[in-house]
Amino acid sequence: MYDVVLLTLSSERDASGGCGSGEACCGGAGATGAGVDGTGPMPDDADSCATDRPRVPVLACADALTARGARVQMVTARSDAEIDAVLAQLDGPARPDGLTWPDADGKTRLVVATASDGQLRAVLRRLVRRYAPAPSRRPADLRDDRTLPDLPPVAVLPLDPARGGAQRDLAAQLGLPRDPAAVAAAVLDGTPRRLDLLRNDGGSVTLDGALFGAADDAGRPLHWRARVEVDDTVLTNGDEPLLACAVGNAGGYASLDDVTLLAAPDPADGQVEVAVAVPVVVRSTWGRKRVRLEVRRARGRAVSVLPREEKVPYLDDGVEGELTRKRSWWVEPGAWAVWVV
């Protein structure tokens, strides 16, 4: 039978070294200045943190696992170090090259209780940091199209059932169970469903996607400029105004209001889909000017966004930030996995 770790991220946001953000567990005040602009680690959702006391879904999942004979450990992590201590239980045997590698045949399984996609990302970010070898130590048995091995599968236990409705979190997009007993069944009886992971040159990861752009106090979109490139395709060179840019691994940012940005994002196809929304002035037959929104799309293995403005606001897996310099993402095909029945 399996050992199962039920991991919840703490709501302790002011302690030094908090989980996932390098400052506070869910990206509190200490994370100011951090993020996708490369000035520090990626922050996590500051408003949707789990509590230190186990919530009802966590207890219900633990009961369901215990009833099936699993040995259950409940952990509330308050720092990256405490997340790392949990992840160490997924390590494989020592390798001759000295690298730390996941145990492909391990009997320990991980359930991440998430109040936000940002919290799930915080755990995946630590998995990547644990198991991705330095370029100078790349082993011969690593896939040619990857920079890290297959990460251990995780089960996702959503703590907010409402996020399966209109505001679709990643678990809802992937069709993962939300009922604690069903999550327990996936952990014990399921198989891994492998998914693509977006890594970026700031040292973090993206599971769902990122959306760049901003609006004024009245909700009107603001214009901004950036060079956006997907592999060898330039969607915009930075000379024209943009209303939005979506970088999609999954479909969380496929639409903006009534505008379809991403046509067919697929978190398991080995590609990232990118779209930019550009306002274009056109003239009618009678010479009248009007503005239409042109959406340009491209798919590839890597994308870069180089802002021409001082700061470009963004959401990345639901986490707010500001882009101040060039950021690049690349796809790690099938690098992470979730337990499914």
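From a predicted model like this one, the values you see are computed outputs, not experimental measurements.

> Requested: an account of the packing of helix 1 (residues 56–67) against helix 5 (residues 180–189), with residues and values cited.
When two helices pack together, their arrangement is given by the angle between their axes and by how far apart the axes lie. Where helix 1 meets helix 5, the axes come as close as 8 Å, and the angle between the chain directions of the two elements is 45°. What the angle tells us is that helix 1 and helix 5 run oblique. Here helix 1 and helix 5 pass one another in a crossing that is right-handed. Here P57, A60, C61, A64 and L65 of helix 1 come into contact with helix 5, specifically with P180, A181, V183, A184, V187 and L188. For the contact of helix 1 with helix 5, the class distribution of residues is eleven nonpolar, no polar and no charged.

> Tell me what's going on with unusual backbone geometry, and back it up with residues and numbers.
Positive phi, normally seen in glycine, also occurs at D257, with a value near 55°. Residue position: D257 is located in the loop between strand 11 (255–256) and strand 12 (259–260). Owing to a relative accessible area of 76%, D257 belongs among the exposed residues under this scheme. In this model, D317 sits at a positive phi of 50°, which is unusual for a non-glycine residue. Tracing the sequence through the fold places D317 in the loop between strand 16 (312–316) and strand 17 (319–323).

> Now, about the pattern of salt bridges: what can you tell me, with residues and values included?
What the rule picks out here adds up to 21 salt bridges. Between D150 and R146 there is a salt bridge, with its nearest N and O atoms 2.5 Å apart. For D150, a relative accessible area of 39% translates into the label partly exposed. Notably, a salt bridge pairs D269 with R299, separated by 2.1 Å at the nearest N-O pair. Here the residue D269 occupies a position in the loop between strand 12 and strand 13 (272–283), and R299 occupies one in strand 14 (residues 289–300), the gap between them amounting to 30 residues. Residue classification places D269 among the partly exposed residues on the basis of a relative accessible area of 29%. Connected through shared salt-bridge partners, E240, R292, E294 and R296 make up one network.

> Break down the packing of aromatic side chains for me, citing the residues and quoting the values.
In this structure the tally under the stated criterion is two aromatic pairs. Centroid distance F212 to Y314: 5.9 Å. Interplanar angle 40°. Geometry classified as tilted. Of the two residues, F212 is situated in strand 7 (residues 209–212) and Y314 in strand 16; the sequence distance between them amounts to 102 residues. Residues F212 and Y314 agree in their burial class; the two are buried.

> Could you give me a rundown of the nonpolar core, with the residues and numbers involved?
One recurring pattern in soluble globular proteins: nonpolar side chains tend to sit buried together. L110, L120, L151 and W336 are the most contacted members of the largest nonpolar core, which has 35 residues in total. The element that contributes the greatest number of residues to this core is helix 3 (residues 117–131), accounting for seven residues.

> Outline the environment of T191, listing residues and values.
Residue placement: T191 occurs in strand 5 (residues 191–200). We classify T191 as partly exposed; its relative accessible area is 47%. In sequence terms T191 and V341 are 150 residues apart; their C-alpha atoms lie 6.3 Å from each other. Setting aside chain neighbours within four positions, we find T191 in contact with V338, W339 and V340.

> Give a detailed account of the pairing of strand 16, specifying residues and quantitative values.
The alternating pattern of strand 16 places V312, Y314 and D316 on a buried face and P313 and L315 on a face that is not buried. Alignment of strand 16 against strand 17, held across five bridges, turns out to be antiparallel. By the bridge assignment for strand 17, Y314 is matched with G321.

> I'd like a description of the pairing of strand 5, backed by residues and values.
Pairing analysis gives nine bridges linking strand 5 to strand 18 (residues 327–340), with the strands arranged antiparallel. Within strand 18, the position partnered with L198 by the bridge is V331. Pairing of strand 5 with strand 6 (residues 205–206) involves two bridges; the strand directions are antiparallel. What sits directly across from L198, in strand 6, is T206. Taking the residues between adjacent antiparallel strands as the criterion, strand 5 and strand 6 are bridged by four residues, where G203 takes a positive phi near 90°.

Rules used throughout
Starting from 1, residues in each chain are numbered consecutively following that chain's sequence as written. Reporting of local features is limited, given that this is a predicted model, to residues whose pLDDT is at least 70; pairs of side-chain atoms are given and counted only at 80 or more, and all residues count toward the totals for whole chains, interfaces and linings. Note: side-chain values were computed over all heavy atoms of the structure, leaving out hydrogens and water. Interaxial angle, 0 to 180 degrees, is taken between N-to-C directions of lines fitted to C-alpha atoms, where a helix line uses only the stretch in contact. Secondary structure elements follow DSSP: runs of H or I of four or more residues count as helices, runs of E of two or more count as strands, with numbering from the N terminus. Roughly parallel covers angles under 35 degrees, roughly antiparallel covers those over 145, roughly perpendicular covers 65 to 115, and oblique covers all other angles. Here a crossing is called left-handed whenever its near helix is offset anticlockwise from the far helix by less than a right angle, and right-handed whenever the offset is clockwise. Here a residue-residue contact requires only that any non-hydrogen atoms of the pair lie within 4.5 Å. Under this grouping Gly is polar, as are all residues other than the nonpolar Ala, Val, Leu, Ile, Met, Phe, Trp, Tyr, Cys and Pro and the charged Asp, Glu, Lys and Arg. The classification of residues rests on relative accessible area computed with a 1.4 Å probe and restricted to protein chains. Under 20% of the type maximum is buried, over 50% is exposed, and intermediate values are partly exposed. Here, a salt bridge means any Lys or Arg side-chain nitrogen found within 4 Å of an Asp or Glu carboxyl oxygen. Stacked, tilted and edge-to-face are the three classes assigned to paired rings of Phe, Tyr and Trp, where Trp is represented by its six-membered ring and a pair needs centres within 6.5 Å; plane angles under 30 degrees give stacked, over 60 edge-to-face, the rest tilted. Here, the term nonpolar core denotes a set of buried Ala, Val, Leu, Ile, Met, Phe, Trp, Tyr and Cys residues that are joined through side-chain atoms within 4.5 Å. In this scheme, strands are said to pair when DSSP sees at least two bridges between them.

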